Amino acid sequence: RFAPNDPKLVGLEGKVYARLGKYAVAESLLTRAITLNPSIEFPYDDLLIIYQSRKDKDKAIDILTKHLRILDPLSRKAKLVKADIETLRKFPRQP
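Residues numbered from 1 in each chain as written. Predicted model: local features only at pLDDT ≥ 70, side-chain atom pairs only at ≥ 80, totals over all residues. Heavy atoms only, no water.

A.B. asks: I would appreciate a short explanation of the nonpolar core in the present structure.
C.D. replies: Nonpolar side chains in soluble globular proteins generally cluster together in the buried interior. In terms of nonpolar packing, the biggest core is built from 18 residues, with Leu47, Ile50, Tyr51, Ile63 and Leu64 touching the most fellow members. Within the residue set of this core, elements represented by two or more residues are helix 2 (23-36), helix 3 (42-53), helix 4 (57-70) and helix 5 (76-90). Ranked by residues supplied to this core, first place goes to helix 3 with five residues. Excluding residues within four positions of it along the chain, Leu47 makes contact with Glu27, Leu30, Thr31, Ile34 and Ile63. (Core = buried A, V, L, I, M, F, W, Y, C linked by side-chain atoms within 4.5 Å. Buried < 20%, exposed > 50% of the residue type's maximum accessible area, 1.4 Å probe, protein only. Helix = DSSP H or I, 4+ residues; strand = E, 2+ residues; numbered from the N terminus. Contact = heavy atoms within 4.5 Å.)

Okay, structure coming up:
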């Protein structure tokens, strides 16, 4: 039986909806998964893909910043996330 408050399952459901192109539902589920357990990494990555596909720079930077907070600051992933934030900040906002 599906556990409605299991953050990994909620996140996986969001991942499936994202792959189906149902981004509004996916965003809601992935955000909920992070709310339930901010230390699960994959929802951050999936939300970033959604925001990049929408060309939503502000939300992309926001989710990367939140992701960075849970990472070991010396990890390779943290360095990549920091680089992504810096790169996005250089691009102009889309109209």
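A.B. asks: I tried to follow the environment of Asp45 on my own but got confused; where do I start?
C.D. replies: The topology assignment puts Asp45 in helix 3. Placed 40 residues apart in sequence, Asp45 and Asn5 show a C-alpha to C-alpha distance of 20 Å. The residues contacting Asp45, other than those within four sequence positions of it, are His67 and Lys77.

A.B. asks: Can you walk me through the packing of helix 1 (residues 7-19) against helix 2 in this structure?
C.D. replies: When two helices pack together, their arrangement is given by the angle between the helix axes and the distance between those axes. Across the interface, helix 1 lies against helix 2 with an axial gap of 8 Å and an inter-helix angle of 160°. By the angle between their axes, helix 1 is roughly antiparallel relative to helix 2. Pair helix 1 / helix 2 crosses with left-handed handedness. Contact with helix 1, carried on its side by Pro7, Val10, Gly11, Glu13, Gly14, Lys15, Tyr17 and Ala18, involves Tyr23, Val25, Ala26, Leu29, Leu30, Arg32, Ala33 and Leu36 of helix 2 and no other residues of that element. Of the residues contributing to the contact of helix 1 with helix 2, the split by class is 11 nonpolar, two polar and three charged. (Axes fitted to C-alpha atoms, helices over the stretch in contact; angles between N-to-C directions. Parallel < 35°, antiparallel > 145°, perpendicular 65-115°, else oblique. Left-handed = near helix turned anticlockwise from the far one by under 90°. Nonpolar A, V, L, I, M, F, W, Y, C, P; charged D, E, K, R; others polar.)

A.B. asks: Looking at this model, I keep getting lost on the pattern of salt bridges. Mind explaining?
C.D. replies: When the charged atoms of two side chains lie near each other, side chains of opposite charge can form a pair. Scanning the entire structure with this criterion turns up six salt bridges. Among the ionic pairs, Glu27 bridges to Arg54, the shortest N-O distance being 2.8 Å. Taken together, the residues Glu27 in helix 2 and Arg54 in the loop between helix 3 and helix 4 connect sequence positions 27 residues apart. Overall, the relative accessible area of 15% leaves Glu27 in the buried class. In this structure, Lys59 engages Glu27 in a salt bridge whose closest nitrogen and oxygen atoms are separated by 3.2 Å. Residue Lys59 is found in helix 4, and its partner Glu27 is found in helix 2; the two are separated by 32 residues along the sequence. Where salt bridges share partners, they join Lys15, Arg19 and Asp46 into one cluster. (Salt bridge = Lys/Arg side-chain N within 4 Å of Asp/Glu carboxyl O.)

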